[in-house]
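# Coordinates in review
Below, each chain spelled out in residue letters.
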Amino acid sequence: MPLLGCIADDFTGATDLASTLVRQGMRAVQVIGVPEDALPEADAVIIALKSRTIPAREAVLQSLAACEALLAAGARQILFKYCSTFDSTEHGNIGPVAEALLKRLDAPFAIACPAFPTNGRTIFQGHLFVGNHVLNESGMENHPLTPMRDANLVRVLGRQSEGSVGLIPFAVVERGAGAIRAEVTRLRDANRRFAIADAITDAHLMALGEACANHALITGGSGIAMGLPENFRSAGLLPAREDAGALPEVGGLCAVIAGSCSRATLGQIGLARDHVPTLELDALATPDAAALAGEAKAWMAGKLDAARPIVIAASAPPERVAALQQRLGREAAGLLIEHAMAEIAAALVQAGVRRLVIAGGETSGAVVQRLGVHALRIGAEIDPGVPWTHATPDAAPEGMWLALKSGNFGARDFFLKAFA
Ligand code: ADP
């Protein structure tokens, strides 16, 4: 019976959350999509949806179905996980999904806290920062699917919600769990449905987690999960675990595929280019998924190795992304490349790749679907928020390792470090 039931709006975000929970001593399994069978055994089950950019109504239905499965399995608390850069369109889906979950859980209020200080995402006076930049000057304003042009999350969530949105400011969070609890009561009495919670350090996230021990629903990035395992331990529900992240060993070849156009991924490809065989596909020159996949398959022959990866990337800088989108439309451009990357991943696994890094949230979703991955057991982290995971997909039933990297995550040498 899981203690914590989580609903994540994309695959890499789900992994990042699961990793946070493993680090805090919970065994975590990530399930791909709403499962038809019984949920796997774990302290925390994370249902990974691909609902970040689909129409809001559809995202609500999928999230409610996930919530139902988690409640049926016995989950005592529900966490709705979204991106630490609050990735969403003007119409949602964070607000509509959170409101539907509150209603299902018969709860009046939830906090919203995407902060992840370890990765440079902090919130002050409701404004989200990525490193030294406000969200809307961080590169996120150019995201292919969810351009974020407002750093004021009280305003952003307010535009997506029917209920009103308040703020738990730094001055309150800094004073700890007791002060946060009092502020939550005040906000609830003032008919706020949500409050953006400021958080600049992990200590703030721990205090917020402690303060929300009795909340039916918590919403935020993976950071907000940091304080939750301790709530279950101190309630006597979770034993102390040393080996929460142990994974079965695998042998086989190594590869990286990248469909993220985020700054961090572009930097990682730039570094990999100097050290390992790297193919950069040009979707503007070849706007056809099958042709791109064919090019990659021809190129990879003879280059695969067990000691170092090859890198295959469709990623491009903002002006080239914009050019392709102008030609094909935003959605069609994204889908074309996701199809190509999924096809390339299948070819890599067929060629014997058993350790595969995938850069990009949407890209990871497409690849995992294509490989027939149903669940991921979460292991040790390569960089903050990105663990190796073990899966037994249809394409490699004997088992393989996958690392699903959110576009903006990971150090510059991530693609090399993962295999070192
Ligand atoms: P991130 O984690 O950085 O957000 P995603 O994979 O979620 O990365 O999103 C990146 C999107 O951009 C995907 O839909 C991908 O197919 C698309 N994409 C990748 N390369 C290009 C390109 N060269 N031109 C246009 N779109 C691209």
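Residues numbered from 1 in each chain as written. Predicted model: local features only at pLDDT ≥ 70, side-chain atom pairs only at ≥ 80, totals over all residues. Heavy atoms only, no water.

## So, the packing of aromatic side chains
Under the definition given, this model contains seven aromatic pairs. A ring pair is formed by phenylalanine 116 and phenylalanine 409, whose centres lie 5.9 Å apart and whose planes are at 75 degrees; its orientation type is edge-to-face. On the criterion of sequence distance, the pair formed by phenylalanine 116 in the loop between strand 5 (110-113) and strand 6 (121-124) and phenylalanine 409 in the loop between strand 18 (400-405) and helix 14 (414-417) is long-range, its members being 293 residues apart. Each member of the pair, phenylalanine 116 as well as phenylalanine 409, is classed as buried. Considering the side-chain rings of tryptophan 388 and phenylalanine 419, the 5.6 Å spacing of their centres and the 75 degrees angle between planes classify their relative orientation as edge-to-face. Taken as a pair, tryptophan 388 in strand 17 (residues 386-391) and phenylalanine 419 in the segment after helix 14 lie far apart in primary sequence, 31 residues in all. Residue classification places tryptophan 388 among the buried positions, given a relative accessible area of 8%. On the basis of relative accessible area, phenylalanine 419 is assigned to the buried category, the value being 7%. Members of the aromatic cluster, joined through ring pairs, are Phe80, Tyr82 and Phe86. (Phe/Tyr/Trp six-rings, centres within 6.5 Å; stacked < 30°, edge-to-face > 60°. Helix = DSSP H or I, 4+ residues; strand = E, 2+ residues; numbered from the N terminus. Buried < 20%, exposed > 50% of the residue type's maximum accessible area, 1.4 Å probe, protein only.)

## Some details on the pattern of salt bridges
Enumeration over the complete set of coordinates arrives at 22 salt bridges. For aspartate 243, the salt bridge is made with arginine 27, and the minimal N-O distance between the two is 3.9 Å. With aspartate 243 in the loop between helix 8 (228-234) and strand 12 (253-258) and arginine 27 in the loop between helix 1 (11-23) and strand 2 (28-32), this residue pair connects regions lying 216 residues apart in the sequence. Residue glutamate 362 is joined to lysine 50 by a salt bridge in which the shortest nitrogen-to-oxygen separation is 3.0 Å. Of this pair, glutamate 362 sits in helix 13 (residues 361-371) while lysine 50 sits in the loop between strand 3 (44-48) and helix 2 (56-73), and the two are 312 residues apart along the sequence. Through salt bridges with shared partners, one network takes in Asp9, Asp10, Arg52 and Asp87. (Salt bridge = Lys/Arg side-chain N within 4 Å of Asp/Glu carboxyl O.)

## With respect to the pairing of strand 10 (residues 192-197)
By the bridge criterion, three bridges tie strand 5 to strand 10 in an arrangement that is parallel. Within the sheet, the bridge partner assigned to isoleucine 111 lies in strand 10 and is alanine 195. Pairing of strand 9 (residues 164-168) with strand 10, which is carried by five bridges, proceeds in the parallel orientation. Directly across from serine 164, in strand 10, lies its bridge partner arginine 192. (Pairing = 2+ DSSP bridges.)

## Re the site of the ligand
Around the ligand, 20 residues are found, and the nearest of them are His143, Ser260, Ser262, Glu338 and Thr363. One nitrogen or oxygen atom from the side chain of histidine 143 is found 2.7 Å from an oxygen atom belonging to the ligand. Within the backbone of glycine 334, one N or O atom sits 2.8 Å away from an oxygen atom of the ligand. Taking 570 Å² as the accessible area of the ligand by itself, protein coverage stands at 95%. Within the residue set of the shell around the ligand, elements represented by two or more residues are helix 11 (318-328), helix 12 (330-350) and helix 13. For the shell around the ligand, the per-class residue count stands at eight nonpolar, 10 polar and two charged. Of the residues that make up the shell around the ligand, three or more belong to each of domain 1 (4-234) and domain 2 (253-417). (Near = heavy atom within 4 Å. Polar contact = N/O pair within 3.5 Å; in protein donor to acceptor, adjacent residues only side chain to side chain. Areas by Shrake-Rupley, 256 points an atom, 1.4 Å probe, with all protein chains shown as cover. Nonpolar A, V, L, I, M, F, W, Y, C, P; charged D, E, K, R; others polar. Domains from an automatic or database assignment.)

## Let's talk about the pairing of strand 1 (residues 4-8)
Within strand 1, five of the five residues are buried, which leaves the element mostly enclosed by the surrounding structure. The two faces of strand 1 match: Leu4, Cys6 and Ala8 on one face and Gly5 and Ile7 on the other face are all buried. With five bridges joining them, strand 1 and strand 4 (residues 77-81) adopt parallel strand pairing. If you follow glycine 5 over to strand 4, its bridge partner there is isoleucine 78. In the sheet, strand 1 pairs with strand 3 via five bridges, with the strands oriented parallel. Across the sheet, cysteine 6 pairs through a bridge with isoleucine 46, a residue of strand 3.

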